[in-house]
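Analysis of the macromolecular model
Spelled out from the first residue to the last, the chains are:
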Amino acid sequence: MSSIIAVAKRKILLQKLLISVKKHESEVIEALYKDFKKPAFEAVISETSYVISDLKNSISNLNRWTKPKQVWPSIINFPSSDFIYSEPYGRVLIISPWNYPFQLAMCPLIAAIAAGNTVVLKPSELTFNTSQIITKIVEEVFDVKEAVVVHGGAEFTQSLLEKRWDFIFFTGSVPVGKIVAQAAAKHLTPVTLELGGKNPCIIDEGANLEIAAKRIVWGKFVNAGQTCIAPDYILVQAKEKYNFVELLKQEITQAYGENPEESTDFPRIINTKNWQRLQAMIEPSKVIVGGVSDEENRYISPTLLDEPELNSEVMKDEIFGPILPIISYHDEKDIERIISKYEKPLSLYVFTENKQFAEKMITSYSFGGGCVNDCMIHFANKRLPFGGVGHSGINAYHGKFGFDSFSHKKSIVKKPSWGDNPIRYAPYKNKLKYIKKLLSWL
Ligand code: NAD
């Protein structure tokens, strides 16, 4: 029982957290810049203001979410009142990644506390400065019995995973997701896994290419492409390819200037290991735009690659950097051949003016979530669940879905002592025809 936080206390803690996040907002923005030159604009829209809005939403809905939800009873149990109680799992482990290091640590924490759990939070070791400020905020708001931040890399995280938890929430790569799932299986611990994948972005014949280029350049190169739901590769109708590539080039220059290295709006790659991984994707490829890089500054310019082979380095796994392969297709069979080569992605985007084509793409493939004529923005709506399917993840969160993800749903039927129907009790002699009739009405 001690690993559960009472509803009234949860609200107080979330209110204190809101005050603390607001108080330290500028330090968070500074830390993000120190870690990988995340521009203040991106830090505000995708990290601090997102967390603040999540806190406000959770605080204002907490009473409604936590109240047992009454559902229609079954006539077979008449008379009864039926409820779903949301029960905190208890002791929760949250493991977060480096790419949106503040938001992806704080939003699961908010959902876990709203649902009444106690939390051990392990932020990424790759964003030292942001992890320090997360610790400062958590220490300012929570008693150690309620929430605590711990630090370490892979080995330390594995030692945490050996312990028994009541729930594990992991955001990160597919290979580490498998390590988490294996560790959780030992104790049958429920998990949410927020992973990644190769997200296709389909450009149909007749699509509005100007708007597609603008939105894709934003979605792909924000955070220097280090976003789990960024378009991973473009599938463009062969007839549209030339015009579309020209528009992408223009949009890149419009957004980041002739030399993106000088732009204050373009972040750096998180570390040398990732820089080298990305560089190995560019070297053997045909570069249409960009391909400029500098190891010392962990810089890679916005890069477009022309028609890479599906077995080339860049088309093997999720890219997770500012490199965008352009692949042309002739018909829907080409699209299917390419998308089906990969595990279920976290996102899929389709740019088209043809509603039937959009519906076909949305319903023919399995993926976490996506957009028609845009990319990434499904993330922003708290009324939409955010999560993957298959290799891109298990379960979902955001808004009420986050509260639900961190809660066990307990079914309760409340019966009065009166109105007892004797038909269910043995001896059953002569009752079968009556029960069959009764069941046929249900
Ligand atoms: P990662 O899997 O390397 O690390 C994530 C966390 O796991 C970190 O806290 C890290 O310390 C820990 N970790 C790393 N190696 C480990 C190991 N061997 N054993 C145990 N723990 C280990 O991921 P990352 O590089 O921080 O983030 C990038 C990945 O995360 C991408 O694949 C991206 O798609 C995914 N991601 C997914 C989402 C989502 O919401 N679905 C959001 C952001 C990032």
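An unreviewed UniProt entry annotates the protein chain as Aldehyde dehydrogenase originating from Flavobacterium lacus.

**A look at the overall build of the protein chain**
The secondary structure content of the protein chain amounts to 14 helices and 18 strands. The principal-axis extent of the C-alpha atoms belonging to the protein chain is close to 80 × 55 × 35 Å. Residue burial in the protein chain is summarised as follows: out of 442 residues, 52% are buried. Of the contacts made within the protein chain by residues no fewer than 6 positions apart, 71% connect residues no fewer than 24 positions apart. Averaged over its 53 positive side-chain charges, the protein chain has a centre that lies 14 Å from the centre of its 49 negative ones.

**Observations regarding the UniProt feature "active site" (unreviewed entry) in the protein chain**
Residues annotated by UniProt as "active site" (unreviewed entry) correspond here to Glu-194 and Cys-228. Across 35 residues of sequence, these annotated residues stay compact in space, with a maximum C-alpha separation of 9.2 Å. Examined against the element boundaries, Glu-194 turns out to sit in strand β7 (residues 191–194). Among all residues touching Glu-194, those that are not within four sequence positions of it are Phe-169, Phe-170, Thr-171, Gly-172, Phe-386, Gly-387, Ser-392, Asn-395, Ala-396 and Tyr-397. Using a relative accessible area of 19% as the deciding quantity, one classes Cys-228 as buried. Beyond its immediate stretch of four places on either side in the chain, Cys-228 contacts Asn-99, Leu-195, Asn-199, Glu-318, Phe-320, Leu-346 and Phe-386.

**Description of the site of the ligand**
Around the ligand, the structure places 26 residues, and the nearest of them are Lys-122, Glu-125, Ser-173, Leu-195 and Glu-318. Note that an oxygen atom of the ligand is positioned 2.8 Å from one of the backbone N or O atoms of Ser-96. When isolated, the ligand has an accessible area of 830 Å², and the protein chains bury 89% of it. Mapped by element, the contributors of at least two residues to the shell around the ligand are α6 (154–162), β6 (167–171) and α7 (174–186). Here the element with the most residues in the shell around the ligand is α6; it accounts for three residues. Both domains that furnish three or more residues to the shell around the ligand are identified here as domain 1 (7–195 + 389–410) and domain 2 (200–382).

**Section: the nonpolar core**
The biggest cluster of nonpolar side chains holds 84 residues, and the ones touching the most others in it are Leu-17, Leu-109, Ile-203, Ile-216 and Phe-244. Among the elements that line this core, the one with the most residues is helix α4 (residues 103–114), at ten residues. Per-domain counts for this core show at least three residues from each of domain 1 (7–195 + 389–410) and domain 2 (200–382). Sequence-distant contacts of Phe-244, that is, excluding residues within four places in its chain, are made with Ile-203, Leu-209, Ala-212, Ala-213, Ile-216, Ile-234 and Val-236. Counting residues in hydrophobic clusters, the runner-up holds 27 residues, among them Met-281, Leu-305, Met-315 and Ile-338.

**Digging into the pattern of salt bridges**
In this structure the tally under the stated criterion is 20 salt bridges. Note that Arg-215 is salt-bridged to Asp-374, the shortest N-O span being 3.8 Å. Taken together, the residues Arg-215 in helix α8 (residues 209–221) and Asp-374 in the loop between β16 (369–372) and β17 (393–394) connect sequence positions 159 residues apart. Connected through shared salt-bridge partners, Lys-241, Lys-286, Asp-306 and Glu-307 make up one network.

**Here's the deal with the sheet that holds β16**
If you walk across this open sheet you meet the seven strands as β10-β13-β14-β9-β8-β15-β16, and the pairing is mixed. Every interior strand has two partners, whereas the edge strands, β10 (287–289) and β16, have only one. Pairwise comparison of adjacent strand axes, ignoring direction, gives a mean angle of 25° for this sheet. Bridge count between strand β8 (residues 200–203) and strand β9 (residues 233–237): four bridges; the pairing is parallel. Across the sheet, Ile-202 pairs through a bridge with Leu-235, a residue of β9. Against the sheet, helix α12 (residues 355–364) touches β8, β14 (323–329), β15 (347–351) and β16, its axis set at about 165° to β15.

**Observations concerning the domain arrangement of the protein chain**
Considered domain by domain, the protein chain is made up of domain 1 (7–195 + 389–410) and domain 2 (200–382). Contacts between the two partners involve 24 residues from domain 1, matched on the other side by 25 residues from domain 2. Interface area for domain 1 against domain 2, summed over the two sides, is near 2,200 Å², with a carbon-plus-sulfur share of 59%. If you look at where domain 1 meets domain 2, you find eleven residue pairs in polar contact (both at pLDDT 80 or more). Of all the secondary structure elements, the ones that give two or more residues to the side of domain 1 that touches domain 2 are α2 (25–36), α3 (40–66) and α13 (399–405). Looking at the side of domain 1 that touches domain 2, the element that brings in the most residues is α3, giving five residues. Of the residues belonging to the side of domain 1 that touches domain 2, the class tally is nine nonpolar, ten polar and five charged.

Basis of the calculations
- Residues numbered from 1 in each chain as written.
- Predicted model: local features only at pLDDT ≥ 70, side-chain atom pairs only at ≥ 80, totals over all residues.
- Heavy atoms only, no water.
- Helix = DSSP H or I, 4+ residues; strand = E, 2+ residues; numbered from the N terminus.
- Buried < 20%, exposed > 50% of the residue type's maximum accessible area, 1.4 Å probe, protein only.
- Contact = heavy atoms within 4.5 Å.
- Lys, Arg positive; Asp, Glu negative; His and termini not counted.
- Charge placed at Lys NZ, Arg CZ, Asp CG, Glu CD.
- UniProt positions renumbered as here; feature names shortened; annotations may be inferred.
- Near = heavy atom within 4 Å.
- Polar contact = N/O pair within 3.5 Å; in protein donor to acceptor, adjacent residues only side chain to side chain.
- Areas by Shrake-Rupley, 256 points an atom, 1.4 Å probe, with all protein chains shown as cover.
- Domains from an automatic or database assignment.
- Core = buried A, V, L, I, M, F, W, Y, C linked by side-chain atoms within 4.5 Å.
- Salt bridge = Lys/Arg side-chain N within 4 Å of Asp/Glu carboxyl O.
- Pairing = 2+ DSSP bridges.
- Axes fitted to C-alpha atoms, helices over the stretch in contact; angles between N-to-C directions.
- Buried area = accessible area lost by both parts, 1.4 Å probe.
- Nonpolar A, V, L, I, M, F, W, Y, C, P; charged D, E, K, R; others polar.

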